[in-house]
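Chain residues, written in single-letter form:
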Amino acid sequence: MPAFRRLAPSFFIPAFAVMALSTLAGCDESNQSFFAPACPALEMPGVASDRFVYDGRGLDVGSLVSHTQITSLSGNCERGPDGPHKQSMVRTRLSLAMNITRGPAEKDGSIDIPYFVAVMRDGKIVDKKIFTDTFQLAPNVSTQQIRTDLRIIDLPQSSNPQANPYTLEVGYQLTRDELQYNRQHLPPVSFHSHSE
């Protein structure tokens, strides 16, 4: 497996933003090999950026086990190892930052958090990966900040390394009841595109 220099700068995405990542790093604009390949765009659906877990006895505050909320994404893009048919690949590395609020019904001291990274092209899902990270809750702390494990997504590079046809959609893997709760109780989120 060939080794590659890390060429891409890190990126940071607030949870209230939808961001197309196309920042390049390099020192010789006449040589395209000095440029990092373009990153896929990233999107976070507002309805999937919060997760409320209840104990099954009701939807009142006393029945709340936990509330988690995605606050940001961080990571970078670089050239990845060649694909199975020797095609060039773009490696995207992602980690999610979250706030966890412990509810009155929480008893176990730990929480499993399922989340997804869906790969989209031309508005259609072409792949979806579901991850679950487990976090220990600090005793006597109601809210704490956590970060998921680093996840790697490899995608084929387009013929133009400075354009990426893919979008990564990131959010919590919600049950049907959790999704319905969010649709009924959370205000619509207006995303704003920006780049760094």
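Since the structure is predicted, the reported quantities are computational estimates derived from the model, not experimental observations.

Visitor: Please give an account of the overall build of the protein chain that cites residues and values.
Guide: Per the secondary structure count, the protein chain includes one helix and twelve strands. For the protein chain, the proportion of its 196 residues judged to be buried stands at 44%. Sequence separation of 24 or more characterises 69% of the internal contacts of the protein chain that already satisfy a separation of 6 or more.

Visitor: Talk me through the sheet that holds strand β3 (residues 41-43); I want residue IDs and the actual numbers.
Guide: In spatial order, the strands read β3-β11-β7-β8; together these four strands make up an open sheet with mixed pairing. A strand with exactly one partner marks an edge of an open sheet, and here the two such strands are β3 and β8 (124-136). Geometrically, the sheet is characterised by an average inter-axis angle of 20° between neighbouring strands, direction not taken into account.

Visitor: Could you give an account of the state of the cysteines, naming the residues involved and the relevant values?
Guide: Counted by the stated rule, this structure contains one disulfide. A sulfur-sulfur distance of 2.1 Å marks the disulfide that ties C39 to C77. Highlighted residues: C39 in the loop between β2 (17-18) and β3 and C77 in strand β5 (residues 64-80), separated in sequence by 38 residues. The exposure class assigned to C77 is buried, which follows from its relative accessible area of 0%.

Visitor: Can you tell me about unusual backbone geometry, naming the residues and giving the values?
Guide: Unlike most non-glycine residues, D122 shows phi in positive territory, near 55°. The exposed category is assigned to D122, whose relative accessible area is 72%. Phi at N140 takes a positive value of approximately 60°, unusual for a residue other than glycine. Here N140 lies in the loop between β8 and β9 (143-147). Given the relative accessible area of 84%, N140 is considered exposed.

Visitor: Could you give me a rundown of helix α1 (residues 176-185), with the residues and numbers involved?
Guide: Those residues of α1 that fall on the buried side of the exposure criterion are E178, Y181 and N182. Projected onto a plane normal to the axis of α1, the buried residues spread over an arc of 95° and lie on a single side. Those residues of α1 that are exposed and angled more than 90 degrees off the buried face are R176, D177, R183 and Q184. Elements that come into contact with the buried residues of α1 comprise β4 (50-54).

Visitor: An account of the packing of aromatic side chains is requested, with residue identities and associated values reported.
Guide: Aromatic rings in a pair are described by how distant their centres are and how their planes are angled relative to each other. The full count for this structure, using the stated rule, is three aromatic pairs. Residues F52 and Y181 carry aromatic rings whose centres are separated by 5.1 Å and whose planes lie at 55° to one another, so their mutual orientation is tilted. Pair noted here: F52 is in strand β4 and Y181 is in helix α1, with a separation of 129 residues, a long-range link. Side by side, F52 and Y181 carry an identical accessibility label, which is buried. Note on Y115 and F131: the rings are 5.7 Å apart at their centroids and 40° apart in plane angle, and the pair reads as tilted. Of this pair, Y115 sits in strand β7 (residues 110-121) while F131 sits in strand β8; the two residues are 16 residues apart in sequence, bridging distant segments of the chain. For Y115, a relative accessible area of 0% puts it in the buried group. By way of ring pairs, the aromatic residues F52, Y54 and Y181 are connected into one cluster. Stacked on the ring of Y166, the Lys or Arg R121 has its end atom at 5.2 Å from the ring centre. Positioned above the aromatic ring of F116, the side-chain terminus of K128 is 4.9 Å from the ring centre.

Scoring rules and cut-offs
- Residues numbered from 1 in each chain as written.
- Predicted model: local features only at pLDDT ≥ 70, side-chain atom pairs only at ≥ 80, totals over all residues.
- Heavy atoms only, no water.
- Helix = DSSP H or I, 4+ residues; strand = E, 2+ residues; numbered from the N terminus.
- Buried < 20%, exposed > 50% of the residue type's maximum accessible area, 1.4 Å probe, protein only.
- Contact = heavy atoms within 4.5 Å.
- Pairing = 2+ DSSP bridges.
- Axes fitted to C-alpha atoms, helices over the stretch in contact; angles between N-to-C directions.
- Disulfide = S-S within 2.5 Å.
- Arc of directions from axis to C-beta.
- Phe/Tyr/Trp six-rings, centres within 6.5 Å; stacked < 30°, edge-to-face > 60°.
- Lys NZ or Arg CZ within 6 Å of the ring centre and 35° of its normal.

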